[in-house]
Amino acid sequence: MWDNPSLRCLLAIAFLHLLGLIYSQETGFPEAPENLKCITHDLNRMICSWDATSSANLGLTYKICYTNSEPFSPVCIETEGKRADIPVTIGSTNIQITTLNASGTPLATETFVLPEENVSLIPLTPQILNLSADFSTYTLYLKWNDSGSVFQYELDASWQIQILHKETLETVALINYDSKLTGKDSILSWDWTSDIPLECTSYYVKIRCYINEPYFTGRKEWSEWSPIRTVPEKDTKPNSPMVFPQDKVVLVGSNVTFCCLYNEGESIKFMKYGSKSYPLLRLNKWSSAIKVQNVSASISSGTNVWCLLEPDGLEGTVLFVGYAPDTPQNLSCETHTFINITCSWKPGRATELYTQRQTKYILFERISKENVTCEVDELKPEHHCNFSVHANQKIYNFTLGASNPLGQAESSLLIDVTQRVHLETPDKFTVSTNSSTNAHLSWYIPGNFIQIRLLCQIEINNSNSEQQLQSVSMAGAENSNYRAWVDALHPYATYTFRVRCSASEHFWRWSEWSEGKKLTTLEAPPARGPDIWRERSPVGETLTVFWKPLLLSEANGIILSHEVSCYSREIMLKAHEVPVPLNSTEIKLGGNDCLISVVAKNRAGSSPPSRITSMDLPSDNVKTELAIATGNGIYISWPSDPNVTCGYTLKCCISSGSEPCKVDWEMFPSNATDAVIKSALFQPGVRYNFSLYGCKHSGYQLLQNITGYMKELPPKVAPNFTVEETSSDSILVKWEDIPVEDCQGFLKGYILYFAKGEKSSSKTSFTDEENKTEKNITDLTKKSLRILDLQGKTSYRLGLRAYTVGGIGPLKDLYVVTKENSVGLIIAILIPVAVAVVLGVVTSILCYQKREWIKETFYPDIPNPENSKALQFQKNICEGNTALKTLEMNPCTPNCVEVVETQSTVLKIEDTEIISPVADSELPEDGSDPETGSHVVVSYCPPIIEEEISSPPIDEPVGSSQVIYIDIQSMYQPQVNPEEEPEINFVTTAGYKPQMQLPINAMKMESHSPTEEDLDKTVGYRPQANTNVWKLDSPDSPISIQSNNENGSFGSPCSINSRQFLIPPKDYEDSPTHNNTGWSFTNFFQNKPND
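What you are looking at is a predicted structure, and each value in this text was computed from that prediction instead of being measured.

### Topic: the overall build of the protein
1) Next: A count of helical and extended segments in the protein gives eight helices and 70 strands.
2) Next: Relative to its 1091 residues, the protein shows a buried fraction of 40%.
3) Next: Looking at the protein alone, contacts between residues at least 24 apart form 67% of all its contacts between residues at least 6 apart.

### Details of the pattern of salt bridges
1) Next: By the definition in use, this model includes 20 salt bridges.
2) Next: Measuring nitrogen to oxygen at the nearest pair gives 3.2 Å for the salt bridge that ties E334 to R509. Linking E334 in strand β26 (residues 329-335) with R509 in the loop between β38 (494-503) and β39 (517-520), this pair joins segments that are 175 residues apart in sequence.
3) Next: On the basis of relative accessibility, which here comes to 35%, the residue R509 falls in the partly exposed class.
4) Next: Measuring nitrogen to oxygen at the nearest pair gives 2.4 Å for the salt bridge that ties E523 to R603. In this pair, E523 sits in the loop between β39 and β40 (532-536) while R603 sits in the loop between β45 (595-602) and β46 (605-606), placing the two residues 80 residues apart along the sequence.
5) Next: When salt bridges that share partners are traced, they join R528, D531 and E554 into one network.

### Some points on a nonpolar patch on the surface
1) Next: Side chains of L825, I829, V833, V837, V841 and I845 sit close together on the surface and give an oily, nonpolar patch of about 520 Å² of accessible area.
2) Next: Within the secondary structure, V837 sits in helix α4 (residues 822-849).
3) Next: Residue V837 is classed as partly exposed on the basis of its relative accessible area, which comes to 49%.

### Digging into the state of the cysteines
1) Next: According to the stated counting rule, one finds nine disulfides in the structure shown.
2) Next: With a sulfur-sulfur separation of 1.7 Å, C646 is cross-linked through a disulfide to C695. Across the S-S bond of C646 and C695 the torsion is about -90 degrees, and the bridge reads as left-handed. You can see C646 sitting in the loop between β51 (634-637) and β52 (648-654) and its partner C695 sitting in strand β55 (residues 687-696), a full 49 residues away along the chain.

### As for unusual backbone geometry
Note on backbone geometry: most residues besides glycine have negative phi, and most peptide bonds are trans.
1) Next: For the peptide bond that leads from F244 to P245, omega is 0 degrees, which places it in the cis range.
2) Next: By secondary structure assignment, the location of P245 is in the loop between β17 (242-244) and β18 (248-251).
3) Next: E310 connects to P311 through a cis peptide bond whose omega is 10 degrees.
4) Next: Inspection of the secondary structure assignment puts P311 in the loop between β24 (303-310) and β25 (313-322).
5) Next: Here N330, not a glycine, exhibits a phi torsion of approximately 55 degrees, which is positive.
6) Next: Secondary-structure assignment places N330 in strand β26.
7) Next: N330 gets classed as exposed once you look at its relative accessible area, which sits at 57%.
8) Next: Within the chain, K793 stands out as a residue other than glycine whose phi angle is a positive 50 degrees.
9) Next: Here K793 is to be found in the loop between β61 (784-787) and β62 (795-804).
10) Next: For K793, a relative accessible area of 58% puts it in the exposed group.

### Observations regarding the sheet that holds strand β19 (residues 256-261)
1) Next: With respect to topology, four strands assemble into an open sheet ordered β17-β19-β23-β22, the strand pairing being antiparallel. A strand with exactly one partner marks an edge of an open sheet, and here the two such strands are β17 and β22 (281-284). Here the strands of the sheet are splayed against their neighbours by 25 degrees on average, with no regard to which way each runs.
2) Next: Relative to strand β23 (residues 287-292), β22 is paired through three bridges, and the arrangement is antiparallel. Bridging from a neighbouring strand, R282 pairs with S288 of β23.

### Some points on the nonpolar core
Across soluble globular proteins, nonpolar side chains show a tendency to be buried alongside one another.
1) Next: Ranked by internal contacts, the top residues of the largest apolar core, which has 46 residues, are F398, L441, W443, F449 and F497.
2) Next: Tallying contributions element by element places β38 first for this core, with five residues.
3) Next: By size, the runner-up hydrophobic cluster in this structure holds 44 residues, among which are Y62, L142, W144 and C209.

### Some details on the sheet that holds strand β41 (residues 542-547)
1) Next: Read across the sheet, three strands follow the order β40-β41-β44 without closing on themselves; strand pairing throughout is antiparallel. A strand with exactly one partner marks an edge of an open sheet, and here the two such strands are β40 and β44 (584-588). Each neighbouring strand pair of the sheet contributes to a mean axis angle of 25 degrees, computed without reference to strand direction.
2) Next: Relative to β44, β41 is paired through five bridges, and the arrangement is antiparallel. Across the sheet, T542 pairs through a bridge with K588, a residue of β44.

### What to know about the UniProt feature "transmembrane region" (unreviewed entry) in the protein
1) Next: As recorded in UniProt, the feature "transmembrane region" (unreviewed entry) lies at residues 823-848.
2) Next: Taken as a whole, residues 823-848 contains 100% helix and 0% strand, while its terminal C-alpha atoms sit 37 Å from one another.

### Thoughts on the packing of aromatic side chains
1) Next: Evaluated as defined, the whole model comprises 21 aromatic pairs.
2) Next: On the numbers, 5.5 Å between centres and 75 degrees between planes, the contact of W50 with Y62 is edge-to-face. With a gap of 12 residues between them, W50 in strand β2 (residues 45-52) and Y62 in strand β3 (residues 61-68) connect regions that are remote in the sequence. Residues W50 and Y62 agree in their burial class; the two are buried.

### Comments concerning the confidence of the model for the protein
1) Next: Per-residue pLDDT for the protein has a mean of 78; in total, 73% of the residues score no lower than 70.
2) Next: The low-confidence segment residues 873-888 (pLDDT under 50) makes 57 contacts with residues lying over four places distant or belonging to another chain.
3) Next: Confidence drops under a pLDDT of 50 for residues 901-1022, and excluding neighbours within four residues, the segment shows 241 contacts in the predicted structure.

### Remarks on the environment of T355
1) Next: Mapping T355 onto the fold places it in the loop between β27 (340-346) and β28 (360-365).
2) Next: Spatially, the C-alpha atoms of T355 and E378 are 9.1 Å apart, while their sequence positions differ by 23 residues.
3) Next: Side chain to side chain, T355 and Q356 meet in a polar contact 2.9 Å long.

### Looking at the environment of T418
1) Next: Of note, T418 is situated in the loop between β32 (407-416) and β33 (427-432).
2) Next: In the structure, T418 is positioned 25 residues away from Q393 in sequence and 9.9 Å away in space, judged by C-alpha atoms.
3) Next: Discounting chain neighbours no more than four positions away, the residues touching T418 are F338, K394 and H506.
4) Next: Side-chain polar atoms of T418 contact the side chain of D416, separated by 2.9 Å.

### Let's talk about the side chain of T794
1) Next: With respect to the secondary-structure elements, T794 resides in the loop between β61 and β62.
2) Next: Side-chain polar atoms of T794 contact the backbone oxygen of Q791, separated by 3.4 Å.
3) Next: Beyond its immediate chain neighbours, meaning those up to four positions away, T794 contacts K756, V816, V817 and T818.

Rules used in this analysis
- Residues numbered from 1 in each chain as written.
- Predicted model: local features only at pLDDT ≥ 70, side-chain atom pairs only at ≥ 80, totals over all residues.
- Heavy atoms only, no water.
- Helix = DSSP H or I, 4+ residues; strand = E, 2+ residues; numbered from the N terminus.
- Buried < 20%, exposed > 50% of the residue type's maximum accessible area, 1.4 Å probe, protein only.
- Contact = heavy atoms within 4.5 Å.
- Salt bridge = Lys/Arg side-chain N within 4 Å of Asp/Glu carboxyl O.
- Patch = residues over 30% accessible without salt bridge, like charges linked within 9 Å, V, L, I, M, F, W, Y side chains within 5 Å.
- Areas by Shrake-Rupley, 256 points an atom, 1.4 Å probe, with all protein chains shown as cover.
- Disulfide = S-S within 2.5 Å.
- Pairing = 2+ DSSP bridges.
- Axes fitted to C-alpha atoms, helices over the stretch in contact; angles between N-to-C directions.
- Core = buried A, V, L, I, M, F, W, Y, C linked by side-chain atoms within 4.5 Å.
- UniProt positions renumbered as here; feature names shortened; annotations may be inferred.
- Phe/Tyr/Trp six-rings, centres within 6.5 Å; stacked < 30°, edge-to-face > 60°.
- pLDDT = per-residue confidence, 0-100.
- Polar contact = N/O pair within 3.5 Å; in protein donor to acceptor, adjacent residues only side chain to side chain.

This is the structure in structure tokens:
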């Protein structure tokens, strides 16, 4: 039995099953389900899956029982796999999963509570139905089924479309696409345009879906990606090198990528757009590219792209850059013949694309559903297209479409063809006449206009450039001639005719003008008689008759002659014919007046007669009036005369250059009082004379003479003037009238200039003179002027100029010198003399009144030293002799006077320095500084006489001082006994006191100069001699008598001998060392107490 293999196998299986049951019961982990997950694809059913931990699952099945939270009986199903399909319920779902063994015995049971939040909404994986490519536009077209029938109601769906490079699987684009699920299957389409040609590389495309159910609270997730699809026919490398895109057309400003495909073993050296190289971008192992940014418009043949391959190869393509077509502008449709409708428009902006890439136009009519392709010339500024007129159709709805490789545009227009009639230019235009006032016109217009009326306009231009228009309405016809009559023309006039036509009822546009045709009408008799005038000779025997040629419009032909007749009481006395071009004739009156008649004749007949009487009425006190210049004519006015019944005649005789005077006249009605006379012969600055005649019942009477200018100008020349008389203060100037032909206007006055000026000086215009004087003379009757208030014996420049309304004329000048003024000369002499006499008298009176002061100031009494005993140093001087006061100077109290004489030739004595014993005395009570002591070295001979001054008065402001006098002349005079000298009061009889220490070249000098302040304080007498001119040869000086020693005594250095140099020289007075003059100018007018 154990040898049976089958039995042994069954026993083993049973044993293993038994061991499994024992193991499960021992461990407590049966085949229990876990990790329950549920997803739904349609929100109706959900697929739940779970995991089982036991590996021994042979023959296991699962029982799933589910129910929602409401008290419903559970629903159970069995499945062999670990997944089950159960309905989707609202809210939570209770799911019980039981694991059963092969015999149906439960092994494990697990219960799950599944809320809606734990259910995932994952759409079904979408499937791509179709993937195609448009290589010309780099566009991929994708189609897929949205599986909308899976859901019972509308939902929002989102799709993600991913495009990848085939080789690198790099994402090129990831695009979101939204759609709406409608509850049934729909085919969705999507396209994508690449920035590089599709030929350059291969692409993968895949999609996935996302459902947005706002009421589903569970998790919403993306579906799985669809299977990858590849662009068909571009999944392999090319067979031969090529450059893409081929002959591409792009918009101006686009960014374009060019790729170059090459074979194995080849490489790209460079790529160029036009003439510029660009960096290479490697796409894959057999393709590289360049990117060109912001391309500009290309030429008509396009821009070349080059790809140079190594080792040897050249490939290329052409790029055309331009614009999309602009919307057709000013679209207008009209008919010229009622056979075709012509539409015209302007293309707008140029596309810069030509030949097969240029804009194509299609004219589509919506009512008849017909369209025509329009052939246009891209270079012309306006395009046209014809559409056939349909019978019994008046309304047309046109749409003009424009397209090229870069885009398209359109414009629409709705018209009534009967209101858009624009006729062709009239042809075969002819003009004829058989009258002097009428013309016949005929023309042809192609087209069928039976259903409308025409309105034609005739333009008439005459030889005087006058234009008039006449309109004529007529019934339309088919390919017919049209006729019209024109009347009211002038005889013997040349006209030019043109014609144009349009629709009469609904005017749209005029046709073009036909060619012009000229016509001259026939002659007719002159329309009126000529204008006539007459003039009697001075004797009155001859009458000259004048007439003016008729205008061409009045002559009605060519005037051949004029017939002049003389009538007396309706009886023609004389008649004769005057041929042209004569316009005057003479008639012998023989002392009798007659009525003159003038008739103009041409080939068609005679004009009505023009009549004028030969009788002149007498005129008294005829005045001459001035006319007013207007710039282009002469304005003339006259008072109204009630006796004038047949008008006024204004006669003028105008001369032109060297030609004789030409009589001209103009007639005015009786109620006229002014006129502006114009003539081509009038010239500016020329005076014209007019005569005004009044036509009365019995004849013509001269009323007034008138003179005037068309335009006044400044005088041509300056007036001639001379100086008739001159005086010392005036000049008499006389001038002459300017000739009429040189006035060039009516004189308004003269301007006289005068200013000082020499003839030899540079001549400047009076307008530049600063000191000129002007006199405006407006009284034209004056021919002289006296200029007053001038200076005698002075040169003056005179200038004279005339002026009119037109301006100031040229200047004429001359120089004149006024006479000398004798009275002024006498006065100029007498006045200074009188002034000098008066000043002398006044000075004498003042000097007489101030004589004492003047004498004391300028000529003080100076005693003679020879007669004065004060300088002999006698004792009686010091003994109080008050009678000797010759040299008394108060106040004068010097502190120190030192005089030392050197050795003389008579007696040699040692040089001695004498110092005052009071040199170190105290300052005065008033605080003034004492004078600085001086040392003077002189020739010393006589003994020294000392005088001691003591006991000064108490009121004296200075201290005690000692004065030492050296008598230079004592050597020659007897000595005085000192005992005999009287005592003299110092204050009253101090004697002569020199107050200056002066340097002398002939001495040796040691001194200390006093300060300027001290010198100013010194009072009394001061030396008045300049030391530079002191002489050393005083007649009393012993050195002058006996010796020439330069160190000898000198003449009065200290005014000891005052017989010399009393009045100082001028140079000394001006010397800066002169400190005090002793008097002032104000003292001259002050009274001294002694006066």
